[in-house]
Amino acid sequence: QVQLVESGGGLVQAGGSLRLSCVASGRSFSGYVFGWFRQGPGTQREFVATISGGGFTDYADSVKGRFTISGDSAQGTVYLQMNSLKPEDTAVYYCRARTPTTWISQNAYWGQGTQVTVSS
């Protein structure tokens, strides 16, 4: 059974930091693209950051310079270091693992989410 389990969320004051973790299990995730998404109150889920199996990273403009994604797809682990947090970063953060678009077989898996709340 494939599972992605996020952890590390919580309540933090504006300007503070949190580190989210995602551990994937149940199959090999070597080569998968891992990403973080978030969904705030009354909003749609949005892209935050992604890291490819080769280590290439991409970020939403709103988090560039503040958030850092890292991890190892072969190990099935990905992290999101969040610094200089703002109240608008408050959301449920989700981890996703998907196959690269160049692969013939396409799969995507999601975690259950972890709540991040930033107080002003």
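Just so you know, these numbers come straight off a predicted model, no measurement behind them.

## As for the pairing of strand E4 (residues 33–39)
Stage number 1. Burial within E4 is extensive, with six of its seven residues counted as buried.
Stage number 2. Here E4 pairs with strand E9 (residues 91–98) via seven bridges, running antiparallel. Each residue of the ladder has a partner; that of Val33, found in E9, is Arg98.
Stage number 3. With five bridges connecting them, E4 and strand E5 (residues 46–51) associate as antiparallel partners. Each bridged residue has a counterpart across the sheet, and for Phe34 the counterpart in E5 is Ile51.
Stage number 4. Counting the residues in the hairpin turn of E4 and E5 gives six residues, including Gly42, whose phi is positive at 70°.

## Some points on the packing of aromatic side chains
Aromatic rings considered in pairs are described by the distance between their centres and by the relative angle of their planes.
Stage number 1. Enumeration over the complete set of coordinates arrives at seven aromatic pairs.
Stage number 2. Taking 6.4 Å as the distance between ring centres and 25° as the angle between the ring planes, the aromatic pair formed by Tyr32 and Tyr109 counts as stacked. One end of the pair, Tyr32, is in the loop between strand E3 (18–25) and E4; the other, Tyr109, is in strand E10 (residues 108–110), with 77 residues separating them in the sequence.
Stage number 3. Overall, the relative accessible area of 1% leaves Tyr32 in the buried class.
Stage number 4. Ring centres 5.8 Å apart and planes at 70° place the aromatic pair Phe37 and Phe47 in the edge-to-face group. Pair noted here: Phe37 is in strand E4 and Phe47 is in strand E5, with a separation of ten residues, a long-range link.

Cut-offs applied
For every chain, the first residue of the written sequence is number 1, and numbering continues from 1 along that sequence. Note on the predicted model: pLDDT of at least 70 is required for a residue's local features to be given, and 80 or more for side-chain atom pairs to be given and counted; whole-chain, interface and lining totals, by contrast, use all residues. Excluding hydrogens and water, the side-chain figures rest on all heavy atoms present in the structure. Only protein chains enter the accessibility calculation, which uses a 1.4 Å probe; a residue is then buried when its area is under 20% of its type maximum, exposed when over 50%, and partly exposed in between. Comment: elements are numbered from the N terminus, with helices defined as DSSP H or I runs of at least four residues and strands as E runs of at least two. By this definition, two strands are paired if DSSP reports at least two bridges between them. Each aromatic pair joins two rings of Phe, Tyr and Trp (for Trp, the six-membered one) with centres within 6.5 Å, and gets the label stacked for planes under 30 degrees apart, edge-to-face for over 60, and tilted for any other angle.

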